[in-house]
Amino acid sequence: MPTFASFDGLRLHYTVWEGDGARRPVLLQHGFAADTNANWISTGVVAALRSAGFTVISLDARGHGRSEKPHDESRYTEDAMARDVSALLDELGLDEVSMVGYSMGAIIALTVTAADKRIRSLATGGVGSGIVDFGGVDLRVVKPADIASALLAEDPASVPPSGVPFRLLADAVGGDRRALAAVASASREGRLDLSAIGVPTLVLAGEQDQLAAQPERLAAAIAGARLVRIPGDHMTAVMSPAFAEALVSFLAAPQPR
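Here the structure is a predicted model, which means the values were calculated and not measured. (Residues numbered from 1 in each chain as written. Predicted model: local features only at pLDDT ≥ 70, side-chain atom pairs only at ≥ 80, totals over all residues. Heavy atoms only, no water.)

1. So, the UniProt feature "domain: AB hydrolase-1" (unreviewed entry) in the protein
Stated formally: UniProt positions are given in the numbering used here, feature names are shortened, and annotations may be inferred rather than shown by experiment. Runs of E in the DSSP output that reach at least two residues are strands. Runs of H or I that reach at least four are helices, and both are numbered from the N terminus.
Per the UniProt record, the feature "domain: AB hydrolase-1" (unreviewed entry) sits at residues 25-124. The distance from the first to the last C-alpha atom of residues 25-124 is 16 Å, and the span holds 40% helix and 20% strand.

Structural data, given as structure tokens:
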């Protein structure tokens, strides 16, 4: 399976499904503790995009999936994860892509879109006003320290309630819980400059997703962004056929090149 050395030498895994070449390639970035399979293949998103003729590229973020998993939290800043996306575009020799990110992947996608002009359109899922107010995960719902504690707890019964879904997901996909705890604990670098995003943007949000509360505030903060609400909560919205349908409709529409 293909890997490449990112900007700091860490080896990251990616997958490419070739399309018909008629449309801009789509780059997918999964959420925290998930991977390409859990976030995109098993949910039907890859199949829907391929059926529409897109070339689909999915990156396993550092610390996740088949990519390398250091336990040093300094390797997991949002800037580093955004630079990984740009490094993959360099590796593949791509000068334009559409980008889709979910949850943690949405934060990465927003960060890289603000900095890398090769991202020509953007779709986010699983995030809302937490991006506007905190620059990332909604701290009103869950704190990174609770996620890290949940992942490192010896006794699952002692896991903080807000961290339980992340512990369950990490165990379900066979994740490295120490690496994931380092991801959760990594220092954040301030608010995202959403005004720097000038590409067509779709905000997808589950109607019962607490981590994507008030998604209209995120859409309003990005010039021209459109909001589509999807049935489901943080873990299930991406599984809804409505998620893939809205995504394909957005990406297949004529867009500036």
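2. Things to note about the packing of aromatic side chains
The cut-off we apply is this: Each Phe, Tyr or Trp ring, with Trp reduced to its six-membered ring, pairs with another whose centre is within 6.5 Å; inter-plane angles below 30 degrees give stacked pairs, above 60 give edge-to-face pairs, and intermediate values give tilted ones. Each residue gets one of three labels from its accessible area relative to the maximum for its type: buried under 20%, exposed over 50%, partly exposed in between, using a 1.4 Å probe on protein chains only. By definition here, charges over rings are those cases where NZ of Lys or CZ of Arg is within 6 Å of the ring centre and within 35 degrees of the ring normal.
Under the definition given, this model contains three aromatic pairs. Ring geometry for Tyr102 against Phe243: centres 5.9 Å apart, planes inclined by 70 degrees, an arrangement best described as edge-to-face. Taken together, the residues span a long stretch of sequence, with Tyr102 in strand β5 (residues 97-102) and Phe243 in helix α10 (residues 241-252) at a distance of 141 residues. Phe243 gets classed as buried once you look at its relative accessible area, which sits at 2%. Geometry around Phe54 places Arg23 over its ring, the cationic atom sitting 5.2 Å from the centre. Here Arg83 stacks its cationic end above the ring of Phe7, 3.8 Å away from the centre of that ring.

3. Some details on the environment of Glu216
For clarity, the cut-off: It only takes one pair of heavy atoms within 4.5 Å for two residues to be counted as in contact. Polar contact criterion, stated in full: a pair of N or O atoms within 3.5 Å, where within protein one must be able to donate a hydrogen and the other to accept it, and residues adjacent in sequence count only if both atoms are side-chain atoms.
Structurally, the position occupied by Glu216 is in helix α9 (residues 215-221). Through-space distance from the C-alpha of Glu216 to that of Arg167 is 29 Å; in sequence the pair is 49 residues apart. The contacts of Glu216, once residues within four sequence positions are left out, are Leu227 and Arg229. Side-chain polar atoms of Glu216 contact the side chain of Arg229, separated by 2.9 Å.

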